[in-house]
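# Structural overview for review
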Amino acid sequence: MSILNFGISSLHSVITNPMTKPSSNPRPRNGCKRILCSHQLKPGNFSDPQIHGSEFGVNRVRRGRRTDHFRRKSAVDLAEAVETEGSSTSGDSSSSFYDAIVIGSGIGGLVAATQLAVKGAKVLVLEKYVIPGGSSGFYERDGFKFDVGSSVMFGFSDKGNLNLITQALAAVGCRLPVIPDPTTVHFHLPNGLSVLVHKEYNEFISELVSKFPHEREGILGFYGVCWKIFNALNSLELKSLEEPIYLFGQFFKKPLECLTLAYYLPQNAGNIARKYIKDPELLSFIDAECFIVSTVNAMQTPMINASMVLCDRHFGGINYPVGGVGEIAKSLAKGLVNKGSNILYKANATNIIIEDEKAVGVKLSDGRKFYAKTVISNATRWDTFGKLLKKEDMPEEEKRFQKAYVKAPSFLSIHMAVKADVLPPGTDCHHFVLEDDWKNLEDSYGSIFLSIPTVLDTSLAPEGNHILHIFTVSSIEDWEGLSRKDYEAKKELVAEKIINRLEKKLFPGLKSSIVFKEVGTPKTHRRYLARDSGTYGPMPRGIPKGLLAMPFNTTAINGLYCVGDSCFPGQGVIAVAFSGVMCAHRVAADLGYEKKNKVLDTGLLGLLGWFRTLA
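Residues numbered from 1 in each chain as written. Predicted model: local features only at pLDDT ≥ 70, side-chain atom pairs only at ≥ 80, totals over all residues. Heavy atoms only, no water.

As annotated in an unreviewed UniProt entry, the protein carries the name prolycopene isomerase and comes from Erythranthe lewisii. Its UniProt record, at the heading Sequence similarities (unreviewed entry), says of the protein: "Belongs to the carotenoid/retinoid oxidoreductase family. CrtISO subfamily." (UniProt positions renumbered as here; feature names shortened; annotations may be inferred.)

Shown next as C-alpha cells:
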C-alpha cells in the first residue's frame, strides 16, 4: 500500500460520537464543498473489554492545566466503538445463506460488498475489529480525532470515471462533504530541493521547470505520457477486466483508449521517464513521486499506477472528507445495511471452508460458520493462501505470484497533537521529507511522510491545536525478538529521532509543543489488521513488466475471489476501490446479476492467466 494511502488498522480506542465539534479555530484554508448526504449515521454504544490489550504499551504524552505529565496507555484501550445501525456484533447469523461473504471491511472489500448489494445480492461482511474501514479508520483521544492511516484521499471528486469513492458512496445514496486541498504534497529533498505539487497542473509544471529549466521538454514529455494513460483510463466505464462482454464492449466503443492501456500495461514509470529525462536528480525526484504511490522506485512502479495518481491529483484533486477519513467506511457500511445486507463486527475469520474444491463459506475463531455461494477475501494474498487456506493447497498461479512479488515492508507510525503556534502560517497539509541522500529513499526510516489534516479541517482538534500523522518505512524484523522493556524503549528512541528530524527540517520547537503522542510499529499492523508481517501490499522482487504479473479478482479455487492491494491494479485508494468495482462485477456475473457467456469467460480467463506467466 502506498504511503499516500497507508493505514495502520483501526487499533486505537474509538469514541462513538462521529459528529465533529464546533471549533473556534481559524477557518480552514479551503472552503468546504457542502454535499448533501441522504442519511446520517447513528452511532451505537458498546464496550469491548476483550479487545483491551497492552501489546504496544503506547507512550502517551499529555499536557494539561499548564503542567506536563506522562502516563502509559494502550493503543487499543477501547472504551466505546462506532456500531453501524442495523449491523450485528455478536448475534448468530450462521443459519443464513448468502450470495457473497466478504472477509474484511477495507475500502476494497466495502466497495465490492456495496456494489453487489446494490445489484440485489445478499452480502455478509466479516470484520475482525469493532468498526468498519480497516486501515481507513479513525480514533479519538482527548478531543483529537485522528485518521489511523493516510489523510490523502483520491477518487473523491465530482467528475470523470476515476472518482471511484464518490461513485461507491453515490451507489448507496450518500455523498460526503469534502474540503479540497490546493496542494498534494510538499517535497523536502536532498541538496535543498523543495517542490510543491500544486493542485493546478500548470502551476506544478512551472515550479518543477523552474528547478530544472534544462529539462523542460523532458518534464512535459514524461507527464504528457501520464496524461495520455490517465485520459484513456478516465474515458472508460470501469468494470471487470475479467468479464469478456464488458471488455469487448469497451474495446468496440473506445478502441484507441483500450489499445493505449494495453500498450502501457507491461511498462514501468522509470523506463518511460528515462526516455525523456536525463538529469539524475530529476530522475531521483520521479523516484520520490513514485515512492509515495507504490513504496518502490520508478523502475518498479507500473506506469498505469503512477499515471492514475500523478494525474488525478490535478484532475480531481485531493479532497478531505469533513470529519475525517473514517466517514467513508462508516457511510459505505451504513449503505450496505440499508440495501438489505449485513456487516458483522468482532468476526475474526480463521478459515475459508472448501467443499468439493469450491469455496463455500468462512469459519470464525469462535467456531461459528457462515455459508455463501461465493467468498471474497479482502486479506492479502499471503494471508488468504497461507492462513485462511492451507499453504500446501496453494494453487500454482499463487506460487507464481509469490515468486514475482515479495511482501512490502510495513511502517512506523506516530500520531501526535501539538500546539498550533508551532506551525508557520500557510503550512501545507502533506509533506515528504528526505534530507540527506537520495540513496536513503527506500531504506527503513530513510524518508518521512507527514500529514496535518487540521490544516484543512479544524474541527478535528480543540482550539489552538493541530494533529500530525507521521509515517516512515519499517520492517517487522526490526521489532522481533525484543523484550517488552526493550520494545518500548526502541519505540521511543526511533520516534524521538523522527520527531527531531522534523523539528530540524520543518518546525523548530516541535518537541516542546507536543501535547499527545502515540507510536505504532509493524507488529501493531500485523496483529490488528491481520496482515502478514504487517505488510501493506506486494513489492516486485526485481524489475516487473508493469502490471502484467498482478493477479485479478478470480482465483484458481472455484467460488473464491480476492480484492484489495494485492490484486490488479495494486496499491492506493483509487486502485483498491477499482479492485472492488471489478470484483463486484465479476462476482455479479457469476451469480447471475450481470450478463455472462461461459465460453468467452473460459477463453478470456485462460488468456489472462497465460499473460501472467510471461511476467
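Counting buried residues in strand 16 (residues 410–419) gives nine out of ten residues, a clear majority hidden from the surface. Sheet topology note: the strand 16/strand 19 (residues 465–474) ladder contains ten bridges and is antiparallel. Its bridge partner lying in strand 19, H415 is registered against H469. Of the strand pairs in this sheet, strand 16 and strand 20 (residues 514–520) are connected by six bridges, and their pairing is antiparallel. Paired with I414 across the strands is V519, a residue of strand 20. (Buried < 20%, exposed > 50% of the residue type's maximum accessible area, 1.4 Å probe, protein only. Helix = DSSP H or I, 4+ residues; strand = E, 2+ residues; numbered from the N terminus. Pairing = 2+ DSSP bridges.)

Here the residue pair F568 and P569 is connected by a cis peptide bond, since its omega of 5° sits within 30 degrees of zero. As for its placement among the helices and strands, P569 is situated in the loop between strand 22 (560–562) and helix 15 (573–591). You will see that K346, though not glycine, has its phi angle at about 55°, which is positive. Secondary-structure assignment places K346 in the loop between strand 11 (342–344) and strand 12 (349–355). At E357, a residue that is not glycine, the phi angle is positive and equals roughly 65°. With respect to the secondary-structure elements, E357 resides in the loop between strand 12 and strand 13 (358–364).

What follows concerns the pattern of salt bridges. According to the stated counting rule, one finds 21 salt bridges in the structure shown. Notably, a salt bridge pairs K119 with E594, separated by 2.7 Å at the nearest N-O pair. With K119 in the loop between helix 1 (107–118) and strand 4 (123–126) and E594 in the loop between helix 15 and helix 16 (598–614), this residue pair connects regions lying 475 residues apart in the sequence. The exposure class of K119 is partly exposed, given its relative accessible area of 29%. (Salt bridge = Lys/Arg side-chain N within 4 Å of Asp/Glu carboxyl O.)

Once that is clear, we can look at the nonpolar core. A general feature of soluble globular proteins is that nonpolar side chains tend to end up buried together. F187, F222, Y223, F285 and F432 are the most contacted members of the largest nonpolar core, which has 136 residues in total. Per element, the largest residue contribution to this core is ten residues, and it comes from helix 4 (residues 216–234). Other than its neighbours up to four places away in sequence, Y223 contacts Y201, F204, I205, L208, F285, I286, E289, L310 and R313. (Core = buried A, V, L, I, M, F, W, Y, C linked by side-chain atoms within 4.5 Å. Contact = heavy atoms within 4.5 Å.)

Once that is clear, we can look at the sheet that holds strand 20. Spatially, 9-8-17-18-19-16-20 is the arrangement adopted by the seven strands of the open sheet, whose pairing is mixed. Pairing within the sheet leaves two strands with one partner each, and these edge strands are strand 9 (194–198) and strand 20. Across the sheet, the mean angle from the axis of one strand to that of its neighbour is 15°, orientation sign disregarded. Here four bridges tie strand 17 (residues 430–433) to strand 18 (residues 448–451), and the two strands are oriented antiparallel to one another. Opposite F432, over in strand 18, you have F449 as the bridge partner. (Axes fitted to C-alpha atoms, helices over the stretch in contact; angles between N-to-C directions.)

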